[in-house]
Amino acid sequence: MLNKLKKEWLTAPGTNILAGIVVALALIPEAISFSIIAGVDPMVGLYASFIIAVVISLVGGRPAMISAATGAVALVIVPLVRDHGIQYLLAATILMGIIQIIFGLLKIGRLMKFIPNSVMIGFVNALAIMIFMTQLKHIFGISMPTYLFVIITLLIIYLLPRVFNRIPAPLIAIVVLTIAYLVTGADVKTVGDLGEIKKSLPQLIIPNVPFNMETFKIIFPYAISMAIVGLVESLLTSRIVDQATDSYSNKNQEARGQGIANFITGFFGAMGGCAMIGQSVINVRSGATTRLSTFTAGVFLIILIMVFGDWVVEIPMPILAGIMVMVSVGTFNWGSFKFIQKAPRSDAFVMILTVVIVLFTSNLALGVIVGVIISALCFATKISNVSVQYEEQNHHVYYKVKGQIFFVSIDSLMNQLDLEIRDQTIYLDFSQAHLWDDSAVNAIDTLIENYKKKNNMIYVKHLNKDSRKIVSELSKVNQQQHLI
């Protein structure tokens, strides 16, 4: 236990602290932007990023992964904030945390293996598109200086890292262009136009909502969506960091940790969040390997708020919009166009369908759920092709069945058999087939009974060990007479 703590906290402390500082600098513009997306005060996102990062560093399952306020969760809560206000958001965030803790206790992490890659790609692409679309209102139809600030921001973020990458390019864009705004007084909107930045620590509060079933009905749909979206992005990010660091993380502990972090943040006037793909990659590329980097990111973020809060309100909005545009561009999986061309049609369809559902419903969780269901149906259809070879020797009929026999493939099997045969000896050869469920066993029982009624002798042979076992447990006919 002590060795594990040393490894997760004290390995290369200097490198991990510096990596955390870099991440904290990059978190400020995104936390503010995500708050704006959600329609809440910038402090709601900043406090969330501070609290979630610190808590998840202590209780999460993946060292060196960054969790904070995110666009995925922000997009889910827009209607809730618009229709019911911030207090209902806080209540929903607390409920989100409870749901995620329950998911973690139920070992939901192991279900990640059932989310196909096509759904993952669709989820990430839909998230990127939605983030991009939410920025358009901060760019178009405002003023010419707004366009200029956006263009310069994009150029700095895109070109500067090629020659200088010790300081995050988004932070440099914020500092340089905010100074330019203060000097020129350009006609642009600022963060201060959208909300007040308070140089204070978050306060413990109880959401000011009625504690009754009506409130539960309002917040539960949002809480479950936030919980699912947050866990999908967190576990996806965890998998990415696992691959980047060639290490393994506890997905169920991560699910519980995300729940604990969101449960706590709701009591401090902050929005929910989850793991961040972009910031986690920045952290790892900066050399981080331990929880200390995540803890440092959260602590340094609140230091920045307390010390530089007066400056944050002067940040022009087109800079943040430009940063978020680049975040969406970086989040989008551009390889998905090649994926559509080369992947099986069913996989390409599932990926596109996931994106379309999310964009039309603005519900990332619904897109993932439908994507998984459709993918499962496509897979079941794909493996349900059963072939039956007919042979007749010495007045005996032989049917050689090949394929997976389960509830989807039963019709295919039955359609290839002549059920009107009379006065014959029939052998059903399952040496190249496998029986999977009660439907398969019931189909065998039905065949035996049908053929016996027509005065046939029927034998089922060459069942493999597992198929024979399920038949022995579920079959309703006299097996000794028919199994050979």
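Below is a short write-up of the structure. No experiment lies behind these values; they were computed from the predicted model shown.

Analysis parameters
Residues numbered from 1 in each chain as written. Predicted model: local features only at pLDDT ≥ 70, side-chain atom pairs only at ≥ 80, totals over all residues. Heavy atoms only, no water. Helix = DSSP H or I, 4+ residues; strand = E, 2+ residues; numbered from the N terminus. Buried < 20%, exposed > 50% of the residue type's maximum accessible area, 1.4 Å probe, protein only. Polar contact = N/O pair within 3.5 Å; in protein donor to acceptor, adjacent residues only side chain to side chain. Patch = residues over 30% accessible without salt bridge, like charges linked within 9 Å, V, L, I, M, F, W, Y side chains within 5 Å. Areas by Shrake-Rupley, 256 points an atom, 1.4 Å probe, with all protein chains shown as cover. Salt bridge = Lys/Arg side-chain N within 4 Å of Asp/Glu carboxyl O. Expected span 1.5 Å × (residues − 1). 1 Å grid on protein atoms, 1.4 Å probe; cavity = no way out; pocket = protein on both sides within 12 Å on 5 of 7 lines; lining within 4 Å. Points joined across faces, edges and corners; volume = space filled by probe spheres on them. Nonpolar A, V, L, I, M, F, W, Y, C, P; charged D, E, K, R; others polar. Pairing = 2+ DSSP bridges. Axes fitted to C-alpha atoms, helices over the stretch in contact; angles between N-to-C directions. Parallel < 35°, antiparallel > 145°, perpendicular 65-115°, else oblique. Left-handed = near helix turned anticlockwise from the far one by under 90°. Contact = heavy atoms within 4.5 Å.

**A few points about the side chain of Asp-445**
Piece 1. Tracing the sequence through the fold places Asp-445 in helix H18 (residues 438–453).
Piece 2. Judged by its relative accessible area of 4%, Asp-445 falls in the buried class.
Piece 3. At 2.7 Å, the side chain of Asp-445 forms a polar contact with the side chain of Ser-475.

**Structural notes on a nonpolar patch on the surface**
Piece 1. Together, Phe-132, Met-133, Leu-136, Phe-140, Val-329, Trp-334, Phe-337, Ile-340, Ile-352, Val-356, Leu-359 and Phe-360 give the surface a local cluster of nonpolar side chains, amounting to about 1100 Å² of exposed area.
Piece 2. Listed by contribution, the elements that provide at least two residues to the nonpolar patch are helix H6 (117–135), helix H14 (336–342) and helix H15 (345–361).
Piece 3. Ranked by the residues each element gives to the nonpolar patch, the list is headed by H15, at four residues.
Piece 4. Here Ile-352 lies in helix H15.

**Observations regarding helix H3 (residues 42–59)**
Because an α-helix packs 3.6 residues into every turn, residues spaced three or four apart end up facing the same way.
Piece 1. In this model H3 runs 26 Å from its N-terminal to its C-terminal C-alpha over 18 residues, within 8% of the 26 Å that 1.5 Å per residue would give.
Piece 2. Of all 18 residues in H3, 16 are buried; the element is thus mostly enclosed.
Piece 3. Two or three places before Met-43, at the start of H3, stands the capping residue Asp-41, its side-chain oxygen 2.8 Å from that residue's backbone nitrogen.

**Some details on empty space enclosed by the protein**
Piece 1. If you walk through the whole model with that rule in mind, you get three cavities of 30 Å³ or more.
Piece 2. The volume enclosed by the largest cavity comes to roughly 50 Å³.
Piece 3. In this structure, the largest cavity is lined by Ile-56, Ser-57, Gly-60, Gly-61, Arg-62, Met-65, Ser-67, Glu-254, Arg-291 and Thr-294.
Piece 4. Within the residue set of the lining of the largest cavity, elements represented by two or more residues are H3 and helix H12 (291–312).
Piece 5. Classifying every residue of the lining of the largest cavity by side-chain character gives two nonpolar, five polar and three charged.

**Focus: the sheet that holds strand S4 (residues 396–405)**
Piece 1. The four strands lie next to each other as S3-S4-S5-S6, forming an open sheet whose pairing is mixed. Strands at the two margins of the open sheet, each flanked by one partner only, are strand S3 (387–393) and strand S6 (457–461). Direction aside, neighbouring strands of the sheet carry axes that sit 20° apart on average.
Piece 2. Bridge analysis of strand S5 (residues 425–435) against S6 gives five bridges, and the strand direction is parallel. Pairing of Leu-428 across the sheet is with Val-460, part of S6.

**Details of the packing of helix H9 (residues 213–245) against helix H16 (residues 364–382)**
Piece 1. For the pair H9 and H16, the least separation of the axes is 8 Å and the interaxial angle reads 70°. Taken together, the axes of H9 and H16 lie roughly perpendicular to each other. In this structure, H9 crosses over H16, and the sense of that crossing is left-handed. When H9 is examined against H16, the residues Ser-225, Ile-228, Val-229 and Val-232 are found in contact with a partner set consisting of Leu-364, Ala-365, Val-368 and Ile-369.

**As for the pattern of salt bridges**
Piece 1. Taken as a whole and judged by the stated rule, the model has five salt bridges.
Piece 2. Close ionic contact of Arg-62 with Asp-242 constitutes a salt bridge, the shortest N to O distance being 2.5 Å. Residue Arg-62 is found in the loop between H3 and strand S1 (67–69), and its partner Asp-242 is found in helix H9; the two are separated by 180 residues along the sequence.
Piece 3. Looking at Arg-62, the relative accessible area reads 7%, which means it is buried.
Piece 4. Taken together, the shared-partner salt bridges connect Arg-62, Asp-242 and Lys-251 into one network.

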